[in-house]
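The primary structure of each chain is shown beneath.
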Amino acid sequence: MDLRIKDLIERVYRKHLPGYLFILPALAVMSLLILYPLYRTFFLSLHVEVRFNELVFVGLQNFVEVLTSDYFGKVLLNTTIWTGGTVVFQFLVGLGVATLFNAKLRGVRIVSSLVLIPWVTPGVIAAVIWKWMYHPLYGVLNEILLLLHILDAYKPWLADPRVALLAIVLAAIWKGFPFSMVMFLAGMKAIPQDLYEAAEVDGATAPARFFHITLPLLAPVFKITILLTTIWTFNYFDLVYAMTGGGPGRSTEILATQIYKLAFDDWRFGVASSLAVIMFAILAVFTFMYAWILERRGRGL
Amino acid sequence: MRYRGNIATAGSWLRILTYLLLIGVAVAVIFPIFWMLMSSLKPTKELFVKPPTWIPQRPTLNNYLSILENPLFLRYFVNSVVVATVATGISIVIASFAGYGWGKIDFAGKRATSLFVLVSQMFPVVVLVIPLFQILRSLLLLNSYPGLVLAYLVYTIPLSSWLLKGFFQEIPGEILDSAKVDGCSHLLAFIRIALPLVRPGIAATAIYCFIMVWQEFFFALSFMFDDEMKTLTVGILGFMGQYKVSWGELMAASFMSVLPTALAFFFVQKHFVEGLTKGAIK
């Protein structure tokens, strides 16, 4: 009996231990640097730091402060416009460009690797370039719009509360659409060519082939791409912070920049953490609802 | 039979239209980069003319020379190189073991733990920044290379473990099985057989990590506030607010910080795109 248990332990040990040893360092780092801080943010959101490393429990007071503050509604609205606008247009531009690149024409390969440049440009560098292009007096975008007769005078894009956020969204589309494009293009390449050939024999036009073959078969790629770009954009801090810092006024303030300011300008870790918890909750709810809706629709079909 | 895709078959006018669109897209996407380069080559006087000149009338390298003489810019560059190199090195060592573990060994909890790796890659870092700040503060690691490197493992460990897991999985099982028949332990099979086989994958993963750290701004802004310790992204943003640094110099600095990673990227582009799309397509 004793021997059999010993034998069992020995076998389990042999079977599982090597795997654990191999992943242990990575798992330890991720637990210490991701799981523990996540728990700690929840913990901090219920506390106030009165002195260096000295916390006092305050219940939900931080949440009440955030939810009743004058910035919360505006920041939430901005974050929605910022995320929605960026994701939708990255999707549309990415799909359009991928369709273009899927045509078997000479020169497509060179262009398709050039188009990836924005994606490897650091966010801050992209912000500096776009800020220079948006310059109210010497900005080249003003000049281009003037030449195209869209504008009749230069405009201070980033200083105008009505258009500043949209101006940053445009920069974000430029910076991020190559990811969607790459995903969609890979999806298109994976569609068997004989489907198109058969449809063509049956007399389907190019648009019909696109809507009845390409789009439905890309659905799984669309799902994952939209999920990823939404999560990334929702959390994306660099462009907004570097281009306007949330201004003018609060016209471009998003959750990420607001949390940063509460934490590292005002040094109010408790309040900042409660806003971070709210942000995390929004993202979690979105992800679960997204997965749930897609799953249900998938089953219904 | 020459079948040429689903767009270009409909007729030559459609092909011409496609080419025009292609050129339009290329011009629109490359324009900001082109403008950065052109602006960096203009003398200061020419930057501030209305309307702007499309091509520098009197091109000059003065912006590059003066930003290279700026001791802070060099310092930022060195900081970025050091932090990105060390973070990449540590991640590759840890993630090679982890990638082999998740990719090639069976154990209870394998699915759950590798799901954790996947989810970690999309984790909102804004939610982690305050506790990380406090951890680094307690360890007296704010404003230091080890502190920022530690923070960067948040990004690079999940990313590189995931990528390397994929590369290890591509090794045919029989090769490792035959090694085990010969009495090799997992560790020996890993070092002697698996590791040499995934060398190209390790190179691609390392470059990917390096690019990611090189681009990073949020943690660098939060954890490095002494001027000598800032990385390129934070440093260049700091330049933007100063009268001492002109737009021309700013563009020159930007160009020099994009160049290394853009070149590295084109070197591994194929691996990179494959790794990115593999999970989603299949």
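Parameters and conventions
- Residues numbered from 1 in each chain as written.
- Chains lettered and ligands numbered in written order.
- Predicted model: local features only at pLDDT ≥ 70, side-chain atom pairs only at ≥ 80, totals over all residues.
- Helix = DSSP H or I, 4+ residues; strand = E, 2+ residues; numbered from the N terminus.
- Buried ≥ 20, exposed ≤ 12 C-beta atoms within 10 Å, placed from the backbone.
- Contact = placed C-beta atoms within 7 Å.
- Domains from an automatic or database assignment.
- Axes fitted to C-alpha atoms, helices over the stretch in contact; angles between N-to-C directions.
- Left-handed = near helix turned anticlockwise from the far one by under 90°.
- Nonpolar A, V, L, I, M, F, W, Y, C, P; charged D, E, K, R; others polar.
- Pairing = 2+ DSSP bridges.

Novice: Would you mind showing me how to read the overall build of chain B here?
Specialist: Tallying secondary structure elements over chain B gives 13 helices and 0 strands in all. Secondary structure of chain B in N-to-C order comes out as α-α-α-α-α-α-α-α-α-α-α-α-α. A burial count over chain B gives 45% of its 282 residues as buried. Partitioning the intrachain contacts of chain B with sequence separation of at least 6 by distance along the chain shows that 74% fall at a separation of at least 24.

Novice: Please explain the domain arrangement of chain B as it appears in this structure.
Specialist: Where interface size is given, it is often the accessible area lost as the parts come together that is meant. Here the domain parsing of chain B yields domain 1 (12-62) and domain 2 (71-244). Centre-to-centre separation of domain 1 of chain B and domain 2 of chain B, based on C-alpha positions: 36 Å.

Novice: Sorry, what's going on with the packing of helix α3 (residues 72-102) of chain A against helix α10 (residues 206-235) of chain A here?
Specialist: Residue and element names in this part refer to chain A. At a minimum axis separation of 9 Å, α3 and α10 run at an interaxial angle of 140°. The hand of the α3/α10 crossing is right-handed. Only Ile226, Thr229, Thr230, Thr233 and Phe234 of α10 make contact with α3, whose side of the interface consists of Thr79, Trp82, Thr83, Thr86, Val87, Gln90 and Phe91. Each residue belonging to the contact of α3 with α10 can be placed in one class, and the counts come to 5 nonpolar, 7 polar and no charged.

Novice: Teacher, can you tell me more about the domain arrangement of chain A here?
Specialist: Segmentation of chain A into domains returns domain 1 (1-32) and domain 2 (65-300). On a C-alpha basis, the centres of domain 1 of chain A and domain 2 of chain A stand 44 Å from each other.

Novice: Mind showing me how you'd approach the interface of chain B and chain A here?
Specialist: Every contact between the two is made by 84 residues of chain B and, on the other side, 75 residues of chain A. Looking at the side of chain B that touches chain A element by element, the count peaks at 16 residues for helix α13 (residues 247-281) of chain B. Grouping the constituent residues of the side of chain B that touches chain A by class yields 62 nonpolar, 17 polar and 5 charged.

Novice: Could you clarify how one ought to interpret the pairing of strand β1 (residues 47-51) of chain A in this entry?
Specialist: The two faces of the sheet receive side chains in turn, since in a regular strand these alternate between them. Residues and elements named next belong to chain A. Where β1 and strand β2 (residues 54-57) come together, 4 bridges link them in antiparallel fashion. Its bridge partner lying in β2, Val48 is registered against Val56. Taking the residues between adjacent antiparallel strands as the criterion, β1 and β2 are bridged by 2 residues, where Asn53 takes a positive phi near 60°.

Novice: Looking at this structure, how should I read helix α12 (residues 232-240) of chain B?
Specialist: Helical periodicity: at 3.6 residues per turn, an α-helix aligns residues three or four positions apart in one direction. Burial within α12(B) is extensive, with 7 of its 9 residues counted as buried. Listed as buried for α12(B) are Leu232(B), Thr233(B), Val234(B), Gly235(B), Ile236(B), Leu237(B) and Phe239(B).

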